[in-house]
Amino acid sequence: MSDPLEILLTNDDGIQSTGIRALHDALAEHANVTVVAPATDQSACGRSMSHEVDVEERDLGYAVYGTPADCVVAGLAELGPDPDIVVAGCNKGANLGEYVLGRSGTISAAVEAAFFDVPAIATSMYVPVSDTPLSEIDLGPEEYAEATRVTSYLVDNALEAGVFDHAAYLNVNVPVADGDPVPIEITKPSKRYEMDAERDGTRVHMRDRIWERMDPDTLPDPDGTDRRAVVEGRISVSPLTAPHSTNHHEALSALAEAYLETGNLPE
């Protein structure tokens, strides 16, 4: 019998969140799980990094007074054994579209792992927008059942299947559990971006309007995108790469070659 997998588990909602506890309990049934997670909610912090953080031991694992990126660096370099895979989540709220990839602490944890050459899975749960703010919606462990099921499935099978030979990490978005398992769709991040701002005296209010258009009948995103898959009730799995790739092209090369000939250099 092979040794159980070593998993580093983190999130951005904080070590006290229901989502990370649900994932821990599911993964720990067949793997060694080391939790290194923020001591407080660090949602939407991106890949912010600290120079020094306080750490304390909790019943679930290590609580780091820092960001998800801090947790991954601390976990991989110091606090935990060498993991086979990093798992981030389960985030309460979806992480959909290209524009969230740099904002989400959940996804940023997976990206940080990629720089260590450790495969990663970031799992988030789509909670339909209502009049109640997401922060005030209370979800029980049973509502994370689909998220824990698919994450466990991917952890158990993706490494051996060679998935991470072609992807640095997987961005997984899951509908709230509602009975039977739902299918997986391999997707691309949506390209939609609908941020705007409004000034009110000395303050400017930023508003993300993309969540206002999540009705399946009017959703503007095309087939094959993460937003459409999740809104229509499927699990979205986007295989993504990190670090970012470059795109060399003739126009930029021509500018570079002409730089010293422009005559705009100092005397």
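Coordinates for the structure precede this section.
Residues numbered from 1 in each chain as written. Predicted model: local features only at pLDDT ≥ 70, side-chain atom pairs only at ≥ 80, totals over all residues. Heavy atoms only, no water.

(A) Spatial organisation of the pattern of salt bridges. In total, this model carries twelve salt bridges according to the counting rule given. Between Arg21 and Asp59 there is a salt bridge, with its nearest N and O atoms 3.0 Å apart. Taken together, the residues span a long stretch of sequence, with Arg21 in helix α1 (residues 18-27) and Asp59 in the loop between β3 (55-57) and β4 (62-64) at a distance of 38 residues. Of the residues examined, Asp59 reaches a relative accessible area of 71% and is grouped as exposed. Note that Arg228 and Glu232 form a salt bridge whose closest N and O atoms lie 2.5 Å from each other. Judged by relative accessible area, which is 35%, Glu232 ranks as partly exposed. Each member of the salt-bridge network shares a partner with another, and the members are Glu185, Asp223, Arg228, Glu232 and Arg234. (Salt bridge = Lys/Arg side-chain N within 4 Å of Asp/Glu carboxyl O. Helix = DSSP H or I, 4+ residues; strand = E, 2+ residues; numbered from the N terminus. Buried < 20%, exposed > 50% of the residue type's maximum accessible area, 1.4 Å probe, protein only.)

(B) How the structure looks around the nonpolar core. Counting residues in hydrophobic clusters, the biggest one holds 35 residues, and the most contacted among them are Ile7, Val35, Ile121, Leu170 and Val172. Elements supplying a minimum of two residues to this core: β1 (5-10), α1, β2 (31-38), β5 (85-92), β6 (120-126), α4 (145-161), β7 (169-175) and β11 (235-240). Per element, the largest residue contribution to this core is five residues, and it comes from α4. Other than its neighbours up to four places away in sequence, Val35 contacts Leu9, Ile15, Ile20, His24, Leu60, Gly61 and Tyr62. Counting 24 residues, the second largest nonpolar core, distinct from the first, contains Leu76, Ala109, Ala113 and Ala168. (Core = buried A, V, L, I, M, F, W, Y, C linked by side-chain atoms within 4.5 Å. Contact = heavy atoms within 4.5 Å.)

(C) Quick peek at the pairing of strand β10 (residues 203-208). The pairing of strand β9 (residues 195-200) with β10 spans six bridges and is classified as antiparallel. By the bridge assignment, Asp200 is partnered in β10 with Arg203. The antiparallel pairing of β9 with β10 creates a hairpin that spans two residues between the two strands, and Gly201 there sits at a positive phi of about 65 degrees. (Pairing = 2+ DSSP bridges.)

(D) Spatial organisation of the packing of aromatic side chains. All told, the structure shown has one aromatic pair when counted by the stated rule. With a centroid separation of 5.6 Å and 80 degrees between ring planes, the pair formed by Tyr99 and Tyr193 is classed as edge-to-face. Residue Tyr99 is located in the loop between β5 and α3 (105-115), and its partner Tyr193 is located in the loop between β8 (184-186) and β9; the two are separated by 94 residues in the primary sequence. Residue class for Tyr99 comes out buried when judged on its relative accessible area of 13%. (Phe/Tyr/Trp six-rings, centres within 6.5 Å; stacked < 30°, edge-to-face > 60°.)

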